[in-house]
Amino acid sequence: MANFMVESCVKFACSCGILNPLSKLYFCRHCLKIRCGFCLCHEVDVRFCSNCLENIPSSEARLNKSRCNSCFDCPCCHHTLSIRATSAQVARKSGEETPKEGDAADPSKVLTKKSYYLACLACRWSSRDVGIPDQISAKGAWPENEYVYQSRFQSILEYYQNVVIQNKQEKQEMMRRKTLKAHKFPSLTDRTGLNVSMIRRQIGWPDKNTPKITKATVTPSKALEKFDELPEKMFTEKLNLRNVTTIEQRHGQPAHQPFTVNKLYPQRKNLCIKRSLRCRQCEHNVIKPEYHPGSIKYRIQLFAAYHVPDVWLVSCEKPLKAGVLCQAVLKLSNPTIHDMTITIMDLPTQDEEYEMMEDLKKSFEKNFTSLITSSSTALSTSSFSRQTSITEDPRLVSKKTTADMKMLESSFILNHRDDSAEFDELAENPTVKDEHKFIVSRKSNKVSLKVNFTPNGDLVAGDEVIIGFTMQYTYINTVSNTPDKKEPQQHALTSRVYINMGRIPE
Amino acid sequence: MDVPDLKIYPKALVCEESNIKGDVIVSAGCVIHPHCNINAENGSIIFGENCIVEEYATISNKNKSPGNYEILYIGCNNVFEVGCTVEALKIGDKNVFEAKSIVSNEVEISNGCIIGAGCRLEGKQTLLENTVIYGNDCLQREALEKQGSQILQIDYLRKLLPNYHHLRKSNYDPKKIRSAV
């Protein structure tokens, strides 16, 4: 996973045609296909605060605008604020001495009063800087700052919530009328052809089911024609940049957007989420984290790097020249515990690629319609409706190969991963009797290959040389979908690999 | 290792493993950790009272050009944290140089400043009082709140360090010299 942060030169094509490094891809064990982030359904599992690691239910999170109740971010540098305690010794006032006679006898006694304030350890900002009084309790009721347009936003929010409700009701009304007509046979509950609302309407009573919404009205905003002139001192006085907030600081407080640093108030910390990812095609989970916010483990983790052989570019003959045969060394590694047979093949042609896209689209449509029909009744009744699968349109791979790669003459075996072999120094590599010529070396589950390629003749200096191939590998599926087949099944899977070999030098 | 020009006032704590070169005066109450580098070969360095110089801190006097102060004056209550590099012209009181910060020559530091961890300060400038430098981009802000004192830390080090390190003896006592005169 060395290439997790840096741009990798080896990219794998997802079934939708988007290129990604292997570390960003997932592998659906049920479809046996590589999936990228767009081909997966993202669902929020857990909301939690990254500082106090408290699990916050979704309703509470919505109420608090997805912010933690107890943790704060520094308004100055956006680090987490920490609560500091100070103890100040306060001389006991004469008035307080009266309730306890015993204490009053000792006038020298002083009260130690603990008070708490917020401080940033990164930029040394503290809540005392902006004049927020120290709190008596650690969890302190820190003052919630009111912002100028709070009521305005509230009224706009209410208005639009009403609009949404109204739209929903109208839609329901429409649906009801439509479905009534659609029925060929009268339902048992509707034998008279009348339902409650129709009877009510005939009598002249108001409809009970649809309480009229009180229409909230908002005064629309108006654009101003005239502005106040800028004050004179704006031009004459020297600006002290230390007192002016930066753009980042202002964006940190979107409701306020303070101009001066003395109006920076601690911001409640944004919540984090844990996502579970679901394959859009088969609806199986691909990634499922553990619910506990403190845990970084997964219950289901189908990262492609655990299933698909990884490819590295080890070395490449330099300089690359257009139209001249070049040699490069690739390294393949097998992450699974079964031996793989690997065949390097040509990339699909454009027509084949279109065909693949069509197949994918069809399979999605089929899936989608079956989903709709099977769950339409359930969907209409329950308030829970699954996120409709918005599928990523399959596309052609954006990278075009700019070199002609000579395919390897035969397939070869990639040994399985053996964690214990790494510690066993004496263990000899199982020597393959007739090793292919293109194999440079073998070590545990890795194989180094020699590949030959010719950059296209029409490349000019500065152009990227990209080679591509289809890697077919055998994959042994240990979890079978069907209960009758107990033994693991072997599949031959393919993935398209694109490698950027570098640029043609100037 | 004997440094002839090193003057240690009484009550100062200088570890033997510290790497001190040239003419250095360590005032009372200072704590100099092992493996810090104090280089006064180009001009003397004078530490004020109650300074802390932590491990791998590098303080050097590079005030060579004419017109500058020849001596690097370091005020009282300064803290040089682990791995900082300070070559400033002049340092006032109550400053903190956090871990791995770099202050190059030509910088004059007043009082109550904090150079954040990993921040670089370069080019000719004078830091105003109570400046805090923080973050990746070395942003500046003014601390309105006074920073806490380092006395507790000094007291703790004063107890702890002699248990594990050899110390240099104080070799300079202004009172004694005065009485001798």
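Residues numbered from 1 in each chain as written. Chains lettered and ligands numbered in written order. Predicted model: local features only at pLDDT ≥ 70, side-chain atom pairs only at ≥ 80, totals over all residues.

1. Some points on the overall build of chain A
No. 1: Secondary structure summary: chain A contains 7 helices and 21 strands in total.
No. 2: Across chain A, every contact between residues at least 6 apart in sequence was considered, and the portion connecting residues at least 24 apart equals 67%. (Helix = DSSP H or I, 4+ residues; strand = E, 2+ residues; numbered from the N terminus. Contact = placed C-beta atoms within 7 Å.)

2. With respect to the overall build of chain B
No. 1: Helices and strands together make up the secondary structure of chain B, namely 2 helices and 20 strands.
No. 2: For 181 residues, the compact-globule estimate of 2.2 N^0.38 gives 16 Å, and the C-alpha radius of gyration of chain B, at 16 Å, lies within 12% of that figure.
No. 3: Each of the three principal axes of chain B carries a C-alpha extent, and together these read 50 × 40 × 30 Å.
No. 4: Long-range contacts, defined as pairs at least 24 residues apart, comprise 27% of the intrachain contacts of chain B with a sequence gap of at least 6. (Rg over C-alpha atoms; globule rule 2.2 N^0.38 Å.)

3. What about the interface of chain A and chain B?
No. 1: Contacts between the two partners involve 10 residues from chain A and, on the opposite side, 12 residues from chain B.
No. 2: For the side of chain A that touches chain B, the per-class residue count stands at 5 nonpolar, 1 polar and 4 charged. (Nonpolar A, V, L, I, M, F, W, Y, C, P; charged D, E, K, R; others polar.)

4. Notes on the sheet that holds strand S5 (residues 40-48) of chain A
All names here are of chain A.
No. 1: Strand order in the open sheet formed by 4 strands is S5-S10-S11-S12, with antiparallel pairing between adjacent strands. This sheet does not close on itself; its edge strands, each paired only once, are S5 and strand S12 (298-301). Along the sheet, successive strands turn relative to each other by an average axial angle of 25 degrees, direction set aside.
No. 2: Bridge count for S5 against strand S10 (residues 272-279) is 8 bridges, and the pairing is antiparallel. (Pairing = 2+ DSSP bridges. Axes fitted to C-alpha atoms, helices over the stretch in contact; angles between N-to-C directions.)

5. Remarks on the sheet that holds strand S20 (residues 167-168) of chain B
Residue and element names in this part refer to chain B.
No. 1: Taking strand neighbours across the sheet as the criterion, the 9 strands line up as S19-S18-S15-S12-S9-S6-S4-S2-S20 in an open arrangement whose pairing is mixed. Each edge of the open sheet is held by one strand with a lone partner, namely strand S19 (139-142) and S20.
No. 2: Strand direction decides the pairing type here: strand S4 (residues 31-32) and strand S6 (residues 52-53), joined by 2 bridges, are parallel. Across the sheet, the residue bridging to Val-31 is Ile-52, located in S6.

6. Points about the nonpolar core
No. 1: Grouped together as the largest cluster of nonpolar side chains are 65 residues, with contacts concentrated most on Val26(B), Ile32(B) and Phe80(B).
No. 2: With residues up to four places along the chain from it excluded, the contact list for Ile32(B) reads Leu13(B), Val14(B), Cys15(B), Ser18(B), Val26(B) and Val53(B).
No. 3: Core analysis: the next-biggest nonpolar cluster, separate from the first, contains 49 residues, Leu277(A), Cys279(A), Leu330(A) and Leu449(A) among them. (Core = buried A, V, L, I, M, F, W, Y, C linked by C-beta atoms within 7 Å. Buried ≥ 20, exposed ≤ 12 C-beta atoms within 10 Å, placed from the backbone.)

7. Remarks on the environment of Ile154(B)
Residue and element names in this part refer to chain B.
No. 1: Its place among the elements puts Ile-154 in helix H1 (residues 151-164).
No. 2: Residue Ile-154 is classed as buried on the basis of its 20 C-beta neighbours within 10 Å.
No. 3: When the C-alpha atoms of Ile-154 and Ile-8 are compared, they prove to be 17 Å apart, with 146 residues separating the residues in sequence.

8. Description of the confidence of the model for chain B
Detailed reading of predicted coordinates is not advised where the pLDDT is low.
No. 1: Per-residue confidence for chain B averages 88 on the pLDDT scale, and 93% of its residues sit at or above 70.
No. 2: This complex was scored by the predictor with a pTM of 0.72 and an ipTM of 0.79. (pLDDT = per-residue confidence, 0-100.)

9. Thoughts on the environment of Val497(A)
All names here are of chain A.
No. 1: Relative to the helices and strands, Val-497 is located in strand S21 (residues 489-503).
No. 2: A sequence separation of 27 residues divides Val-497 from Thr-470, and the C-alpha atoms of the two residues are 6.1 Å apart.
No. 3: With near-sequence residues (within four places) excluded, Val-497 lies in contact with Val-10, Phe-12, Val-311, Gly-468, Phe-469 and Met-471.

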